[in-house]
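What follows is the residue order along each chain.
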Amino acid sequence: MARRQDGDSEAESQRILRRVTQESDPGGSLAARLTNRARDHLAAADVDPSDRIEQLGTRIGRLLAAAVTVAVFAGFVLFLMQRG
């Protein structure tokens, strides 16, 4: 049991180190990292790739949420422009 916990904690440590290295990489710009994160999020890269229905549903939901967010923001800007 102790060996499995050691292996699990070592794998977790390696994952954390990779993430810290990736996020603090001076060669990668902030805009590039944000763009990649947004692309991966909208493409549902974090869901099970073998489950096509879950992938499709997640993509549709995230795209609709993004569209609604843009529409609400645009409506708010138009509202502010009419007032002033």
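Everything numeric here is computed off the predicted structure, so don't read it as measured data. (Residues numbered from 1 in each chain as written. Predicted model: local features only at pLDDT ≥ 70, side-chain atom pairs only at ≥ 80, totals over all residues. Heavy atoms only, no water.)

For the protein chain, the helix and strand inventory stands at 3 helices and 0 strands. Ordering the α and β elements of the protein chain from the N terminus gives α-α-α. Of the accessible surface of the protein chain, which amounts to about 7400 Å², a share of 62% is contributed by carbon and sulfur atoms. (Helix = DSSP H or I, 4+ residues; strand = E, 2+ residues; numbered from the N terminus. Areas by Shrake-Rupley, 256 points an atom, 1.4 Å probe, with all protein chains shown as cover.)

With that settled, the discussion passes to the pattern of salt bridges. Between side chains of opposite charge, a pair can form when the charged atoms approach closely. Counted according to the given criterion, the structure contains 3 salt bridges. A salt bridge links E12 to R15, with the shortest nitrogen-to-oxygen separation between them at 2.7 Å. Highlighted residues: E12 and R15, both in helix α1 (residues 2-23), separated by 3 residues, approximately one helical turn. The class for R15 is partly exposed, based on a relative accessible area of 40%. Notably, a salt bridge pairs D40 with R39, separated by 3.5 Å at the nearest N-O pair. (Salt bridge = Lys/Arg side-chain N within 4 Å of Asp/Glu carboxyl O. Buried < 20%, exposed > 50% of the residue type's maximum accessible area, 1.4 Å probe, protein only.)

Let us look at helix α2 (residues 30-42). Here α2 spans 18 Å end to end across 13 residues, near enough to the 18 Å set by a 1.5 Å rise per residue. Just past α2, the residue A44 takes up positive phi, approximately 60 degrees. (Expected span 1.5 Å × (residues − 1).)

This part is about helix α3 (residues 52-83). End to end, α3 covers 47 Å across 32 residues, agreeing with the expected 46 Å (1.5 Å per residue, within 8%). Listed in full, the buried residues belonging to α3 are Q55, T58 and R62.

Moving on, we get to the confidence of the model for the protein chain. The predicted coordinates should not be examined in detail at positions where pLDDT is low. Overall, the predicted model of the protein chain reaches an average pLDDT of 85, with 87% of residues at or above 70. Across the protein chain, the element-wise mean pLDDT spans from 78 in α1 up to 95 in α3. (pLDDT = per-residue confidence, 0-100.)

Before going further, it helps to spend a moment on the environment of S50. Structurally, S50 can be placed in the loop between α2 and α3. Within the structure, S50 has its side chain in polar contact with the side chain of D48 (distance 3.0 Å). (Polar contact = N/O pair within 3.5 Å; in protein donor to acceptor, adjacent residues only side chain to side chain.)

A word on the side chain of Q55. Secondary-structure assignment places Q55 in helix α3. If near-sequence neighbours (up to four positions away) are discounted, Q55 is found in contact with A44, V47, D48 and P49. (Contact = heavy atoms within 4.5 Å.)

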